Each structure stands twice: as C-alpha cells, then as structure tokens.
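# A closer look at the structure
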Amino acid sequence: MGTRDDVKTRIVLASLLASLVLSAPASAWAPAGSAAIHPGVMTFTEGAQCTANFVYSDGANVYLGQAAHCSGTGAATETDGCLAQSLPVGTQVDIGGSRPGTMVYNSWITMQQLGERDPDTCAYNDLALVRVDPADVGKVNPSIPFWGGPTGVTGTVPDNAKVLSYGNSSLRLGITQLSPKQGLQLWQDHGGWNHAVYTATPGIPGDSGSAFVDAQGSAFGVLSTVEAAPKPASNGVGDVSRELDYMRAHSSFSGVGLVNGTEPFRGPLL
C-alpha cells in the first residue's frame, strides 16, 4: 500500500494531465451547430431519461457525463450513493441519434466497492461516465447549447451568484426555449459537495445530470436532486470538481478531464 504522500502525488499528476485535456484544439470536434453529441443531449439508460452534463476526455477516449443515479435501480427517493443500487458498469446507454455508449464509471458503484461512509460524499457524489463509441467521436462537440463554454472548472461559487444551466427533458415537448436556465446559488454546503441553486425554470424529471456553470462559464455542478426546501423546486447540484477528484483518486480514470467548449461563453442574461 502506498503512503499518503504517494496518493497526493498521484492526485496532483492526474490533475496536471487533466488540465492538458481542457485545451484540446477545436479542430478535434464536430462543429457546435451540427454536433449530435454535446452537453444537454438526452441519454437513456434502460429507459430512464437524463440530460448529459459535460464532455470529458483522457486523450484516448471521449466520454459524456451523466448523473450516477440515472442508472439507479431503486425508487427515486433512494439517493444515498453508498446504499442505492445501480445497473453495472458496462451497461449500454442510448445517446439520441448515435450508437449506444457504454457506462464505464459510476460513482455509486465505486463508493460501495470502497466502503465509503462519509455522509456528504455518499449523498452528493453523483457522476457517471459514458464512453462514446469510437465511431461517433467525430459527432461530438463539448460546447453547452445557448450559453457556450464551459471555460474551465471551479470548486467554489459565492452565495447569491448567478448560475446557468441547460436542461433537455422530453417533458418540455421539444420547446427548446425552456431549456436554458438562469438563476442563483443559494449556498454551498456539506463540505462543498452540494450547491443549493434556484432557477426561474426549475429542473424537472429528465433534466437530471445536466450541467451547471457560474457567471464566468466555469463548470461547477451536475444536477442531482429537486428539493422541497429551502425554496420549492430548488435544486441540489453535486460539485463536479469534487466528483472528478474522487474519480481520479479511486478509479482507473485518473487521467480524465472536463473538456472546454469550442464556442465562446455567452454569459448571463440581464
């Protein structure tokens, strides 16, 4: 078993490698306007619909992010990732209009294998990676529809700061004007793992897993839950920087990083 310093060194090296991925050239991606695979696209895991958050890469593979709970096999109220059951790694995930992807990482499964017991980590570490079929990598663009970006990753968002998201639930019946969402972060708590946010058009079933960015375009979250408090229809958003750090430290995906968008970040609406 390695020493604590060995673990810290591996995490630092993984973070450095991931930072290189963020600057992948725009020429490596499909044009944003015609890409079939991008943040905000719908994913279906054995019929359960979710919205993809960000595009990730390790230089050899391209991944689409979704919430770990999108492959959950229990009731919708079973949200403790250290207890709730999930479909296995290797499960096929339908990505609209493309070949199925493969779920290759799931934070719930990883935490249960490790015997994780930290309550904040168990409640809010809610990230899965879906590997895009190599034949479909040319259909991918990492830009968030409407907003552009992301421009990087942050682990801290000030209270009352503007936040942006893009949901794509089929319950909107194709009314894409309802997909972009703008709101405020109410606070960040549970050791930084959770962002409580409120948007004028709240997340609805099918939006789970969708991306959240701050007013500068930095990725900070993955939509995890719809809350009854502190405000009706507020959302619990898992911190993506902590989710990525956990994945890098506890799985074989130590070199995976979030990919910046090719489209300029538009910024909040007035």
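Our subject in this report is the structure included herewith. (Residues numbered from 1 in each chain as written. Predicted model: local features only at pLDDT ≥ 70, side-chain atom pairs only at ≥ 80, totals over all residues. Heavy atoms only, no water.)

What follows deals with the overall build of the protein chain. Along the backbone of the protein chain there are four helices and 15 strands. A buried classification covers 50% of the 270 residues belonging to the protein chain. (Helix = DSSP H or I, 4+ residues; strand = E, 2+ residues; numbered from the N terminus. Buried < 20%, exposed > 50% of the residue type's maximum accessible area, 1.4 Å probe, protein only.)

Right, let's get into the side chain of threonine 110. Along the chain, the position of threonine 110 falls in helix H2 (residues 107-114). Every residue in contact with threonine 110, bar those within four places of it in the chain, is listed here: Tyr105, Tyr246 and His250. (Contact = heavy atoms within 4.5 Å.)

Let us now look at the packing of aromatic side chains. Pairs of aromatic rings are described using the distance from one ring centre to the other and the angle between the two planes. For the structure on display, the rule yields five aromatic pairs. Ring geometry for phenylalanine 146 versus tryptophan 147: centroids 4.8 Å apart, planes at 90°, classification edge-to-face. Its relative accessible area of 2% is what places tryptophan 147 among the buried residues. The interplanar angle of 55° and the centroid separation of 6.0 Å between the aromatic rings of phenylalanine 212 and phenylalanine 220 together place this pair among those described as tilted. Across the pair, exposure class does not vary: phenylalanine 212 and phenylalanine 220 are buried alike. Counting every residue linked through ring pairs, the aromatic cluster contains Tyr63, Tyr105 and Phe253. Over the ring of phenylalanine 146 we find arginine 266; its NZ or CZ atom is 4.2 Å from the centre of that ring. (Phe/Tyr/Trp six-rings, centres within 6.5 Å; stacked < 30°, edge-to-face > 60°. Lys NZ or Arg CZ within 6 Å of the ring centre and 35° of its normal.)

Attention now moves to the sheet that holds strand S2 (residues 48-51). Strand order across the open sheet formed by eight strands is S2-S1-S5-S6-S7-S4-S3-S15, with antiparallel pairing between neighbours. Only two strands of the sheet have a single neighbouring strand rather than two, namely S2 and strand S15 (257-258). (Pairing = 2+ DSSP bridges.)

On to the state of the cysteines, then. On inspection of all chains with the given rule, the structure shows two disulfides. At a sulfur-sulfur separation of 1.9 Å, the disulfide partner of cysteine 50 is cysteine 70. Taking the sign of the S-S torsion, about -105° here, the bridge from cysteine 50 to cysteine 70 comes out left-handed. Of the two residues, cysteine 50 is situated in strand S2 and cysteine 70 in the loop between strand S4 (62-66) and strand S5 (92-95); the sequence distance between them amounts to 20 residues. Along the protein chain, the cysteines engaged in disulfide bonds are linked according to the scheme 1-2, 3-4 when indexed in sequence order. (Disulfide = S-S within 2.5 Å.)

It is worth spelling out unusual backbone geometry at this point. In this model, glycine 149 is joined to proline 150 through a cis peptide bond whose omega is 5°. For glutamate 46, which is not glycine, the phi dihedral falls at a positive 50°. Its identity is not glycine, yet histidine 190 carries a phi of approximately 55°, on the positive side. Turning to its location among the elements, histidine 190 is positioned in the loop between strand S10 (180-189) and strand S11 (194-199).

Following the criterion strictly, the structure yields four salt bridges and no others. With its nearest N and O atoms 3.2 Å apart, the salt bridge here joins aspartate 136 to lysine 139. In this structure, arginine 248 engages aspartate 245 in a salt bridge whose closest nitrogen and oxygen atoms are separated by 3.5 Å. In this pair, arginine 248 and aspartate 245 both sit in helix H4 (residues 240-250), three residues apart, roughly one turn of the helix. (Salt bridge = Lys/Arg side-chain N within 4 Å of Asp/Glu carboxyl O.)

Now for the pairing of strand S7 (residues 128-131). With four bridges connecting them, S4 and S7 associate as antiparallel partners. Paired with tyrosine 63 across the two strands is arginine 131, which belongs to S7. The pairing of strand S6 (residues 101-106) with S7 spans four bridges and is antiparallel. For threonine 102, the partnering residue across the bridge sits in S7 and is arginine 131.

Among the residues of H2, Ser107, Trp108, Ile109, Thr110 and Met111 are the ones counted as buried. Packing partners of the buried residues in H2 comprise S6, helix H3 (119-124) and H4. A side-chain oxygen of the first residue of H2 lies 2.9 Å from the backbone nitrogen of tryptophan 108; this N-cap is asparagine 106. (Polar contact = N/O pair within 3.5 Å; in protein donor to acceptor, adjacent residues only side chain to side chain.)

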